[in-house]
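Residue-level listing of the chains:
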Amino acid sequence: MGQHYPVSAKLRFPYTNNMEKYEACILGLNMAVDMNIQELLVIDDSDLLMHQVQGEWATKNSKIFPYLHHVHELRKMFTTIEFQHVPRIQNEFANALETLSSMIQHPYNNYIDPIPVRIYNQLAYCAHVEEETYGKPWFHDIKEYLSKGEYPKHANHTQKHTLQRLSNHVFHSGGNVYRRTLDLGLLRCVDAKEASKLLKEIHAGTFGLPWKRIAFSLSANAFNVKCMPI
């Protein structure tokens, strides 16, 4: 649960793997500062970065020391900040952003808008209800064929064959027509009026959630920010 704010960056200068991690960390910290976040949880799959920023491991690398100093300065911008190590398999969102950034040839002078990623649990046309003609539901011919074995009066050979094929996936019981799903479930066929009523009832309870706590996960030169509900 939560709101994600994904962003990635492409580095156009020589760097090591550890430098890449710190670049992503600082990118995320700066974004959190701009969003006026006070409580922050930083998640990463790099043991080295996590231990160094928490003062558990020292570094004498001249390329890493300035990064470490800058991270410590940014830490002062937050009321509470925590660093947590996670296995790489649990950091898949940030890793996906890293892969995306490395594969795309970024133009030098153009800004690339964030890419929205949505999750759909059903086909796009499931929410589309067509107007029915002649006052009969869309499955009327299928119902008649299943209950009486009769084809529509003016049906041609192709239409009869299609009706037979559609009937193989449904059955008629108690005045209703049901479609079988791949997981052996049953979907009751409804007319346009009932479908519109059901859609309104489903979407009637939609509401937003307040957000308080922020977490972001790192992966090389990409990170993912997630707002946590109160």
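Presented here is a report on the structure given in the accompanying data block. Keep in mind the model is a prediction, meaning the values are calculated, not measured. (Residues numbered from 1 in each chain as written. Predicted model: local features only at pLDDT ≥ 70, side-chain atom pairs only at ≥ 80, totals over all residues. Heavy atoms only, no water.)

### A word on the packing of aromatic side chains
Applying the stated criterion across every chain yields a total of 4 aromatic pairs. Seen from their ring centres, F13 and Y15 are 6.1 Å apart, and the 75 degrees between their planes marks the pair as edge-to-face. Y15 sits in the partly exposed class, given a relative accessible area of 37%. Aromatic side chains Y145 and Y151 sit 5.1 Å apart centroid to centroid with 35 degrees between the ring planes, which places their arrangement in the tilted category. (Phe/Tyr/Trp six-rings, centres within 6.5 Å; stacked < 30°, edge-to-face > 60°. Buried < 20%, exposed > 50% of the residue type's maximum accessible area, 1.4 Å probe, protein only.)

### Quick word on the pairing of strand 5 (residues 176–180)
Relative to strand 5, strand 4 (residues 170–173) is paired through 4 bridges, and the arrangement is antiparallel. In the strand pairing of strand 5, H172 is matched with V177. As judged from the 3 bridges shared by strand 5 and strand 6 (residues 186–188), these two strands associate in the antiparallel manner. Its bridge partner being in strand 6, Y178 is matched across the sheet by R188. Following strand 5, the chain reverses through 5 residues before pairing antiparallel with strand 6; L184 in that reversal takes a positive phi of roughly 70 degrees. (Pairing = 2+ DSSP bridges. Helix = DSSP H or I, 4+ residues; strand = E, 2+ residues; numbered from the N terminus.)

### Digging into the nonpolar core
In terms of nonpolar packing, the biggest core is built from 20 residues, with Y22, L29, L40 and V71 touching the most fellow members. Element by element, the count of residues in this core is highest for helix 1 (residues 17–34), at 6 residues. Filtering out sequence-adjacent residues up to four positions away, Y22 remains in contact with L49, Q52, V53, I64, Y67, L68 and V71. Of all hydrophobic cores here, the second largest spans 6 residues; its members include F139, I142, V170 and C189. (Core = buried A, V, L, I, M, F, W, Y, C linked by side-chain atoms within 4.5 Å. Contact = heavy atoms within 4.5 Å.)

### A look at the pairing of strand 2 (residues 39–44)
Summarising burial for strand 2: 5 of the 6 residues are buried, a large majority. Where strand 2 meets strand 3 (residues 80–85), 6 bridges bridge the pair, whose relative direction is parallel. Within strand 3, the position partnered with L40 by the bridge is I81.

### A closer look at unusual backbone geometry
Trans peptide bonds make up the majority, and among non-glycine residues the majority have a negative phi. Of note, the phi angle at N36 is positive, near 60 degrees, even though the residue is not glycine. By relative accessible area, which is 57% here, N36 ends up exposed.

### A few points about the packing of helix 1 against helix 3 (residues 65–75)
Closest axis-to-axis distance for the helix 1/helix 3 pair is 10 Å, and the angle between their directions is 20 degrees. Considered as vectors, helix 1 and helix 3 are oriented roughly parallel to each other. By crossing handedness, the relation of helix 1 to helix 3 is classed as left-handed. Where helix 1 approaches helix 3, its residues M19, Y22, E23, C25, I26, L29 and N30 are matched on the opposing element by Y67, L68, H70, V71 and L74. Tallied by class, residues from the contact of helix 1 with helix 3 come to 9 nonpolar, 2 polar and 1 charged. (Axes fitted to C-alpha atoms, helices over the stretch in contact; angles between N-to-C directions. Parallel < 35°, antiparallel > 145°, perpendicular 65-115°, else oblique. Left-handed = near helix turned anticlockwise from the far one by under 90°. Nonpolar A, V, L, I, M, F, W, Y, C, P; charged D, E, K, R; others polar.)

### Observations concerning the pattern of salt bridges
Under the definition given, this model contains 5 salt bridges. Residues K21 and D44 are paired through a salt bridge, measuring 3.4 Å at the closest nitrogen-oxygen approach. Here K21, found in helix 1, pairs with D44, found in strand 2; they are 23 residues apart in sequence, far enough to count as distant. A single burial state applies to K21 and to D44, both of which are buried. A salt bridge links E144 to K148; its shortest N-O distance comes to 3.2 Å. (Salt bridge = Lys/Arg side-chain N within 4 Å of Asp/Glu carboxyl O.)

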